[in-house]
Amino acid sequence: MSKVEKDHRQSVLRLSETQANALDIDETIIGPGETMIVNMGPQHPSTHGVLRVMLELEGEKILRSKPVIGYLHTGMEKTGEELTFVQGATNVTRMDYLSPLNNELVYCLAVETLLGVELPPRAIWIRMLMSELNRISSHLMWLATNGMDVGSTTMMIFGFRERELILAFFEKTTGLRMNHNYIRPGGVAADLPDGWEDDVEVICDTIPVRLEEYDEFITGQPIFRERLTGVGTLAAETAIELGVTGPLLRATGVPWDLRRTMPYLAYDQVEFDVVVGTVGDAFDRYAVRINEIRESVKIIRQILEKMPKGDYRVQDPKITPPPRARIDESMEALIHHFKIFTEGFRVPEGECYVAIESPRGELGCYMVSDGSAKPYRMHIRAPSFANLQSLPAMLRDHFVADAVAIISSLDPVMGEVDR
Amino acid sequence: MSLEPSDLKALNAYLKQGVQDVLFVPREKYLALMSKLYDVGFHFLSDLTAVDYLTYKGKRELPADIKAERFEVVVNLLSHALLKRIRVRVQVPEDLAEIDSIFSIFPSCENFEREVYDMFGIIFKGHPDLTRILMPEDWVGHPLRKDYPVSRVPVHFKESPGPL
Amino acid sequence: MGLEKIPYNFLTGKLEDLVKWARTQSVWPATFGLACCAIEMMAVGAADFDISRFGMEVFRASPRQADLMIVAGRVSQKMAPILRQVYDQMMEPKWVISMGVCASTGGMFNNYAIVQGVDQIVPVDVYAPGCPPSPQTLLHAILTLHEKIRSGEIMNRRDKHSRVFVEDISSSAYVRHDIAVKPVRVARPR
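A quick note: this is a predicted structure, and the numbers were derived from the prediction, not measured. (Residues numbered from 1 in each chain as written. Chains lettered and ligands numbered in written order. Predicted model: local features only at pLDDT ≥ 70, side-chain atom pairs only at ≥ 80, totals over all residues.)

Participant: Honestly, unusual backbone geometry in this entry has me stumped. Any pointers?
Facilitator: For residues other than glycine, phi is negative in most cases, and the peptide bonds are mostly trans. The omega torsion across E92 of chain C and P93 of chain C is -10°, close enough to zero to call that bond cis. Tracing the backbone shows P93 of chain C in the loop between α3 (80-89) and β3 (95-99). Residue P132 of chain C is reached from C131 of chain C by a cis peptide bond, and omega for that bond is -10°. You can see P132 of chain C is positioned in the loop between β4 (126-128) and α5 (135-151). Its identity as a non-glycine residue notwithstanding, N181 of chain A has a phi of 55°, on the positive side. With respect to the helices and strands, N181 of chain A occurs in the loop between α7 (153-174) and β5 (183-184). Backbone geometry at D411 of chain A places phi at a positive 55°, although glycine is not the residue there. Tracing the backbone through its elements, the reader meets D411 of chain A in the loop between α18 (400-410) and α19 (414-418). (Helix = DSSP H or I, 4+ residues; strand = E, 2+ residues; numbered from the N terminus.)

Below, the structure written as structure tokens:
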């Protein structure tokens, strides 16, 4: 094994929680170098959810660490087995709560793979539009919380201000600001509202201008650069070994983006660049994410031009519920509506794995169906779950004060880590 | 071992991920196969999970030389160079729910295998730290098994059905 | 404050009103954002739905400096003892807003992993329903809490009315605490 490989395995503190709880106050000082085991979280000022990190410190320097998760475990995979395929999106959407439409998308893609349906083009392009808008809003949220963690409360306020524009559009289209349940098996729940082109144009025009502002007051700012450059460096080989995907992997220099390499929806019909970093430190991750927002705006402008007309849902009465007005007129429509919403539609037997590129990395859904109306097994491969494994390697030999900046640059969302 | 492409009915063309390759392997040859796949170019572990087939109502389609067991460990690998995914499915019996850990080949399996242990009770031999990861460490039972109840609390004035 | 020992009369009545008014003007929340509701709570703290107009934009990380715990998100079995620990570390007078349906009753997750209502663990003053509650709903809940503080007793003797069993936190604490507390009002959704 090369030096790089050996190193990251030695950064993990192999101490179980029961052992850590049982440590007496005197026993926390162990080892010849007088190291100390300190607990960070799960409730701490860093705004990144309920993540607990056990740190082995020598003075202020972190030697080994261990992320402890499970504080938000919701039993969503078990719940997924009790809900029908139509209801499943409501459950899955709450996993990665910063990009809920992406969760719904991967779930619906898995269901549609098993069903074997062909979607109308408008549904595909609407899904792409919502997915990219969600990527922008997730990255803006990351900018806000990362800025806050590094100390810039202004960035927090600005990030949320831009995000409100996008959330207002989501509310207009899907009815909710978060956890939309909009992307459903067969298409999307409702068509885009009238005048959506104007709203999206406003978003596309405002955000790049504001990003220029951020470049001015963050990217060039010496404190920000000092806190992030050279901090939390991750090598490309280590990243691939540890299962890291998303902006974290791209910041180390590996140009892997599922939208480009294994395209889904209509990503092969739009042009965009895959943003890649060089060193793999926290500043590179910031640069990758802020540039990904720009690329997403580019994609959205192309979607604005190319959006096809037509149905927004597949016209199969067994999958798509009929329009509400038809229920009064047709008995068949009433029966279909009833069956879809009480029993659900049946999906043929089979299993599949579908993966998309969420703002955090490769979001996958492994689904097994036994021919009934509920999934037999629904497993979501959460990108943050794998990305967290790189945390010990990134924290090694850094100071405690950098730990917050590093965790923040990782962008974990505990909802999808713990499911 | 021969590759058996398992076709899904009318795979949706726009996914453009091609036919999904699935490999079935007996438990004894599992580690050797993973080594071979790493050498062939599948350096990236996408996902490692398990399925409990206790109450499966359909027909389980396995090749002739593989015996169907209660648990199945499913590993998804990805090759950046070949742009391909491959899926490996291994049967694990209920009475001796053990399987080799692939930590020596793919260190990224650490969290995934811990989760499978926590949720299903399958033991991974050779894993450096096989403890519960999602549930509290002294929890009894493995929640994602089919004989573990959802533990739904009965709600007043609501006749909604649902297992308890 | 020792005010509860002073017998209530014309002079101390005014003083109590002053104290209660002062308490509503800067209720500092403790950071207890768990899941999706935390994002909406942060949105309330941001510029569009400014919480700073009520003097509450300082989310104190240390529970010792906080007055209000907004439990925003679903509370899992592993998190429950920590929730109780943070609540115990807060100084009196303290209040709890249960934000979202998961915190209020367990929400859509009626299963083994989620505590069915945070009032099994801590006494709750205001429940804000929604999944997630929009920022307007949370602001309504906060204003309801302000009204409750203004009109309620000076020392909110919840412990006297409730049956809260405080178990030893260091041992396994997925024990459900029975509480019989009625909040003053329930925030209505938007």
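Anyway, onward from the coordinates.
Participant: Where do I start with the interface of chain C and chain B in this structure?
Facilitator: How big an interface is tends to be stated in terms of accessible area lost as the parts join. Listed per partner, the contact involves seven residues of chain C and eight residues of chain B. Here the side of chain C that touches chain B is composed, by residue class, of one nonpolar, five polar and one charged. (Contact = placed C-beta atoms within 7 Å. Nonpolar A, V, L, I, M, F, W, Y, C, P; charged D, E, K, R; others polar.)

Participant: Sorry if this is basic, but what is going on with the interface of chain A and chain B here?
Facilitator: Across the boundary between the two partners, chain A contributes 53 residues, which contact 41 residues of chain B. Broken down by secondary-structure element, the contributors of at least two residues to the side of chain A that touches chain B are α2 (17-22), α3 (76-82), α5 (100-115), α10 (236-241), β7 (350-358), β8 (361-369), β9 (377-381) and α16 (383-387) of chain A. Take the side of chain A that touches chain B: its biggest share by element is five residues, from β7 of chain A. Its residues placed into classes, the side of chain A that touches chain B shows 23 nonpolar, 15 polar and 15 charged.

Participant: Help me understand the pairing of strand β2 (residues 68-72) of chain C, please; the structure alone is not making it clear to me.
Facilitator: Working note: regular strand, side chains alternate between the two faces of the sheet. Residues and elements named next belong to chain C. Of all five residues in β2, five are buried; the element is thus mostly enclosed. Residues L68, I70 and A72 of β2 are buried on one face, and the alternating residues M69 and V71, pointing to the opposite face, are buried as well. Relative to β2, strand β1 (residues 29-30) runs parallel, the two being bridged by two bridges. Each residue of the ladder has a partner; that of A30, found in β2, is M69. (Buried ≥ 20, exposed ≤ 12 C-beta atoms within 10 Å, placed from the backbone. Pairing = 2+ DSSP bridges.)

Participant: Hey, could you run me through the nonpolar core in this one?
Facilitator: Across soluble globular proteins, nonpolar side chains have a tendency to be buried as a group. Core analysis: the biggest nonpolar cluster contains 214 residues, and M69, V71 and I97 of chain C have the highest contact counts within it. By residue number, the principal contributor to this core is helix α6 (residues 121-150) of chain A, which donates 16 residues. (Core = buried A, V, L, I, M, F, W, Y, C linked by C-beta atoms within 7 Å.)

Participant: What is the right way to read the sheet that holds β7 of chain A from this model?
Facilitator: Sheet strands pair via backbone hydrogen bonds, and the direction of the pair is either parallel or antiparallel. All names here are of chain A. Spatially, three strands are ordered β7-β8-β9 in an open sheet, and the strand pairing comes out antiparallel. Of all strands in the sheet, those with a lone pairing partner are β7 and β9, marking the two edges. Within this sheet the neighbouring strands show an average axis-to-axis angle of 15°, counted without direction. Inspection of the sheet shows β7 paired to β8 by nine bridges, in the antiparallel sense. What sits directly across from C352, in β8, is M367. Lying on the sheet, α5 is in contact with β7 and β8; it crosses β7 at an angle near 150°. (Axes fitted to C-alpha atoms, helices over the stretch in contact; angles between N-to-C directions.)

Participant: I'm lost on the packing of α6 of chain A against helix α13 (residues 282-306) of chain A in this one. Help?
Facilitator: Packed helices, taken two at a time, are described by their axes: the angle between them and the distance between them. Residue and element names in this part refer to chain A. For the pair α6 and α13, the least separation of the axes is 9 Å and the interaxial angle reads 155°. It follows that α6 is roughly antiparallel to α13 by the angle criterion. The element α6 and its partner α13 pack so that their crossing is left-handed. Contacts from W125, M128, L129, E132, L133, R135, I136, H139, W142, L143 and N146 of α6 reach α13 at Y286, R289, I290, E292, I293, S296, I299, I300, I303 and K306. (Parallel < 35°, antiparallel > 145°, perpendicular 65-115°, else oblique. Left-handed = near helix turned anticlockwise from the far one by under 90°.)

Participant: Could you clarify how one ought to interpret helix α8 (residues 196-219) of chain A in this entry?
Facilitator: Since one α-helical turn is 3.6 residues long, residues separated by three or four positions face the same way. All names here are of chain A. For α8, with 24 residues, the first-to-last C-alpha span of 33 Å sits near the 34 Å given by 1.5 Å per residue. Taken residue by residue, α8 has V200, I207 and I218 as its buried positions. In this structure, the buried side of α8 is in contact with α6, α7, α9 (222-228) and α13. (Expected span 1.5 Å × (residues − 1).)

Participant: So what exactly am I meant to see when it comes to the sheet that holds β1 of chain C here?
Facilitator: Residue and element names in this part refer to chain C. Judged by pairing direction, the sheet is parallel, and its four strands sit side by side in the order β1-β2-β3-β4 without closing on themselves. Taken across any chain shown, the strands that pair with only one partner, and hence form the sheet edges, are β1 and β4. Of the pairings in the sheet, the one linking β2 to β3 comprises five bridges and is parallel in character. Note that in β3 the partner of M69 across the bridge is V96.

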